[in-house]
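Working through the structure, step by step
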Amino acid sequence: MSWVDKILPSGVRRVESEKRSAKGVVPEGLWKKCVKCEAVLYRPELESNMDVCPKCGHHMRIGARRRIALFLDETGREEILAHIEPVDRLKFKDKKKYRDRLTSAQKSTGEKDALIAYTGKVKGLPVVVVAFEFNFHGGSMGSAVGEKFTQAANVAMKEGWPLICFSASGGARMQEALISLMQMAKTSAVLERMKQNSVPYVSVMTDPIYGGVSASLALLGDINVAEPGARAGFAGPNIIEQTIRQKLPPGFQLSEFLLAHGAIDMIVRRADMRDTLSRILSSLTHYTH
């Protein structure tokens, strides 16, 4: 009940309530505010625009499954490696048990861990795609994420299909300590095997990419791509400024800054991702539509 309802006489309150019920109420979540330009956007229109602000072009964060759905052809897609789950080997506990944190994240996201893997086609080209779910522990990389990425790469090598990774991560998962740090070497090693077997790997960086993920699989692509405005780096800019005691240049760690300094190969808008990557992969695999 709103404060207006509370001060109205009971008879008037009942009539107003009936009027509102007859007219229907506006569903919650029908509008979304752009974090960059602060424009209030109609959600169905925003979703039809792939969650890119039509006012300023800001690429909003989207979930892993939605990203894969937007990228792959509608037919022939299939989830793989869904059986891989995280294990609390260290019985880690800070303010809360790691086991309980995992359970909470699994319930809130509906995912077993922060990485999802699919096989499918993009413009008819067979591919293996993995995507990070940032809402699951900030997309952090633990043993299950590293294992799923490695197994997805193995599938790509076995089939001779390109591997595409959409990264969105805060880095290695602290609750798994050295086990999580090992995944940096593990994923880097399998990518080297892919290179030796001439199987293409394209890394697509979305906002944000930090820590151990940026220092391993996110920047080891044969082609390193980023969405506009995506942030990527090992440590956050605030930490860097506090460490070096200097002010960082404008736009530091944004994809546009990284492109200008040779850290990535190209910036691709979300709406162009399918066409651009299918064209690149076709040339790398000598595949013709």
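Below: a short report on this structure. In this text, all values refer to a predicted model and were calculated from it rather than measured experimentally.

What follows is about the overall build of the protein chain. Within the protein chain, the regular secondary structure consists of 11 helices and 9 strands. Looking at the 289 residues of the protein chain, the share that counts as buried comes to 42%. When contacts within the protein chain are restricted to residue pairs at least 6 apart in sequence, those whose partners lie at least 24 apart make up 66%. As presented, the protein chain carries roughly 15,500 Å² of accessible surface, and 54% of it is formed by carbon and sulfur atoms.

In this structure, Val-130, Phe-132, Phe-149, Leu-163, Met-194, Tyr-201 and Leu-217 are the most contacted members of the largest nonpolar core, which totals 38 residues. Every element with two or more residues in this core is listed here: helix 5 (98-109), strand 4 (115-122), strand 5 (125-132), helix 6 (143-159), strand 6 (163-169), helix 7 (177-196) and strand 7 (201-209). Per element, the largest residue contribution to this core is 7 residues, and it comes from helix 6. Those residues within four positions of Met-194 in sequence are excluded, and the remaining contacts are Ala-153, Ala-156, Met-157, Leu-163, Val-199, Pro-200 and Tyr-201. Core analysis: the second largest hydrophobic core is formed by 22 residues, Val-202, Val-204, Ile-223 and Val-268 among them.

Here the focus is the environment of Arg-270. By the secondary structure assignment, Arg-270 is in the loop between strand 9 (266-267) and helix 11 (273-285). Taking the C-alpha atoms as reference points, Arg-270 and Ala-226, separated by 44 residues in sequence, lie 9.5 Å from one another. A polar side-chain atom of Arg-270 sits 2.7 Å from the main-chain carbonyl oxygen of Met-60.

What follows covers empty space enclosed by the protein. Evaluated as defined, the whole model comprises 2 cavities of 30 Å³ or more. Volume-wise, the largest cavity comes out at about 60 Å³. Considering the residues around the largest cavity, the lining is formed by His-58, His-59, Met-60, Arg-61, Arg-67, Thr-206, Asp-207, Glu-227, Pro-228, Gly-229, Ala-230 and Arg-270. Classifying every residue of the lining of the largest cavity gives 3 nonpolar, 4 polar and 5 charged. Here the lining of the largest cavity spans two domains, and each of domain 1 (28-60) and domain 2 (62-285) adds at least three residues to it. Approximately 40 Å³ is the volume attributed to the second largest cavity. Lining the second largest cavity are Arg-61, Ile-62, Arg-67, Phe-134, Ala-168, Thr-206 and Asp-207. For the lining of the second largest cavity, a count of residues per class yields 3 nonpolar, 1 polar and 3 charged.

Burial runs high along strand 7: 9 of the 9 residues are buried. Both strand 6 and strand 7 contribute to a ladder of 6 bridges, which runs parallel. Across the sheet, the residue bridging to Phe-166 is Val-204, located in strand 7. Taken together, strand 6, helix 7 and strand 7 constitute a β-α-β crossover, and its handedness is right-handed. The sheet contact formed by strand 7 and strand 8 (residues 223-226) spans 4 bridges and is parallel. Bridge pairing in strand 8 places Val-202 opposite Ile-223.

Overall, mixed pairing links the 7 strands, which are arranged 3-4-5-6-7-8-9 in an open sheet. In this open sheet, the two edge strands, each paired with only one partner strand, are strand 3 (78-80) and strand 9.

With that out of the way, let us pick up the packing of aromatic side chains. Enumeration over the complete set of coordinates arrives at 4 aromatic pairs. Consider the rings of Phe-149 and Tyr-201, whose centres lie 6.0 Å apart with planes at 85 degrees: the pair is edge-to-face. Within this pair, whereas Phe-149 is found in helix 6, its partner Tyr-201 is found in strand 7, the two being separated by 52 residues in sequence. Across this residue pair, the class does not change: Phe-149 and Tyr-201 are buried. Ring centres 5.4 Å apart and planes at 65 degrees place the aromatic pair Phe-252 and Phe-257 in the edge-to-face group. Take Phe-252: its relative accessible area is 26%, and that puts it in the partly exposed class.

Thresholds, definitions, all that
Residues numbered from 1 in each chain as written. Predicted model: local features only at pLDDT ≥ 70, side-chain atom pairs only at ≥ 80, totals over all residues. Heavy atoms only, no water. Helix = DSSP H or I, 4+ residues; strand = E, 2+ residues; numbered from the N terminus. Buried < 20%, exposed > 50% of the residue type's maximum accessible area, 1.4 Å probe, protein only. Contact = heavy atoms within 4.5 Å. Areas by Shrake-Rupley, 256 points an atom, 1.4 Å probe, with all protein chains shown as cover. Core = buried A, V, L, I, M, F, W, Y, C linked by side-chain atoms within 4.5 Å. Polar contact = N/O pair within 3.5 Å; in protein donor to acceptor, adjacent residues only side chain to side chain. 1 Å grid on protein atoms, 1.4 Å probe; cavity = no way out; pocket = protein on both sides within 12 Å on 5 of 7 lines; lining within 4 Å. Points joined across faces, edges and corners; volume = space filled by probe spheres on them. Nonpolar A, V, L, I, M, F, W, Y, C, P; charged D, E, K, R; others polar. Domains from an automatic or database assignment. Pairing = 2+ DSSP bridges. Right-handed = clockwise from strand over helix to strand, strands pointing away. Phe/Tyr/Trp six-rings, centres within 6.5 Å; stacked < 30°, edge-to-face > 60°.

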